[in-house]
Amino acid sequence: MTMGLGGIILAAGESTRMGRDKALLPWPPTTSADGLQTSLSETLLSAAIRTLAHHCDMVIVIVGNNEGSLAPIVYASGSFLLRNPVPERGQFSSLQTGLQEVLNRGRDAAMITLVDRPPASERTLDALVRAFESREHGVWAVVPEFEGKHGHPIVVGREMIEAFLKAPESSNARQIEHQNQQSIAYLPVDDSRIVENLNTPEDYARLRVEEFS
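In this report, we go over the structure that sits alongside the text.

Side note on the layout of surface pockets
What the largest pocket holds in volume is close to 540 Å³. Along the walls of the largest pocket sit 23 residues, with His-150, His-152, Ala-173, Arg-174 and Glu-177 positioned nearest its centre. Going through the elements one at a time, α3 (91-104), β6 (110-114), β8 (149-150) and α6 (173-179) are the ones with two or more residues in the lining of the largest pocket. Broken down by element, the residue count for the lining of the largest pocket peaks at four residues, all from α6. For the lining of the largest pocket, a count of residues per class yields eleven nonpolar, eight polar and four charged. A volume near 450 Å³ is recorded for the second largest pocket. For the second largest pocket, the lining is made up of 23 residues, of which Gly-13, Glu-14, Ser-15, Lys-22 and Gln-91 are closest to its centre. Per-class residue counts for the lining of the second largest pocket are eight nonpolar, nine polar and six charged.

A closer look at the side chain of Asp-203
With respect to the helices, strands and loops of the structure, Asp-203 is situated in helix α7 (residues 201-212). Comment: no salt bridge for buried Asp-203; closest opposite-charge side chain is Arg-206, at 4.1 Å. A distance of 3.0 Å separates a polar atom in the side chain of Asp-203 from the backbone nitrogen of Asn-199. Setting aside anything within four residues of it in sequence, one finds Asp-203 in contact with Asn-197 and Leu-198.

Section: the pairing of strand β5 (residues 80-83)
By the bridge criterion, four bridges tie strand β4 (residues 58-63) to β5 in an arrangement that is parallel. Looking at the pairing, Val-61 lines up with Leu-81 of β5.

Quick notes on the side chain of Glu-177
The topology assignment puts Glu-177 in helix α6. Contact partners of Glu-177, with chain neighbours within four places excluded, come to Ile-154, Met-160, Phe-164 and Ile-184.

Overview of empty space enclosed by the protein
Under the defined criterion, the tally for this structure stands at one cavity of 30 Å³ or more. Approximately 70 Å³ is the volume found for the largest cavity. Together, Ala-48, Thr-51, Leu-52, Thr-113, Leu-114, Arg-117, Pro-118, Pro-119, Ala-120, Leu-125 and Pro-153 line the largest cavity. In terms of residues, the lining of the largest cavity owes the most to one element, helix α1 (residues 44-53), which gives three residues. Here the residues of the lining of the largest cavity are counted per class, giving eight nonpolar, two polar and one charged.

What counts, and where the lines are drawn
Residues numbered from 1 in each chain as written. Predicted model: local features only at pLDDT ≥ 70, side-chain atom pairs only at ≥ 80, totals over all residues. Heavy atoms only, no water. 1 Å grid on protein atoms, 1.4 Å probe; cavity = no way out; pocket = protein on both sides within 12 Å on 5 of 7 lines; lining within 4 Å. Points joined across faces, edges and corners; volume = space filled by probe spheres on them. Helix = DSSP H or I, 4+ residues; strand = E, 2+ residues; numbered from the N terminus. Nonpolar A, V, L, I, M, F, W, Y, C, P; charged D, E, K, R; others polar. Buried < 20%, exposed > 50% of the residue type's maximum accessible area, 1.4 Å probe, protein only. Lys, Arg positive; Asp, Glu negative; His and termini not counted. Salt bridge = Lys/Arg side-chain N within 4 Å of Asp/Glu carboxyl O. Polar contact = N/O pair within 3.5 Å; in protein donor to acceptor, adjacent residues only side chain to side chain. Contact = heavy atoms within 4.5 Å. Pairing = 2+ DSSP bridges.

Set out below in structure tokens:
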């Protein structure tokens, strides 16, 4: 734990293309013959909570209409659950909900990730935290980069939090980051997981084959 970071996991999506809640997908992606989670595996959500908890002194999971199914995992993992009252407004509204709660709980920096992404390696998270701790004046956030693509988790300071919170609800995080690009440090990492998007069953199956065959 360091710097009073508040961890935020965005998990309020409907997972329509996956056909099941992505937060509940087994992790590592090993399943039994009938496709059910094995007793030895975590879920993407519990793995994300565990990973962020190593670097944050609290983890907040933002949920939507899936609150009932995710709450047992959130509480069993020792993290906080916060419902986005208007999840239909999209991911940016969940981000704003989470960031406001971070401020309400007395923190002014946050590590943010998406639940539909494999957990980044400990080496990546260590590097992100170190880069944020040693950032120059005027740097509001540190964003990991793999082969030229920006990914998650990201670490943001108070200035970036305020920029997100003051933006219109119709915005998205990428727009706000682009508007403040001069205040963001991009950190090259050797970790493809930061840019993996698990949107469909095919994405999940491919990852299982590539990483765990």
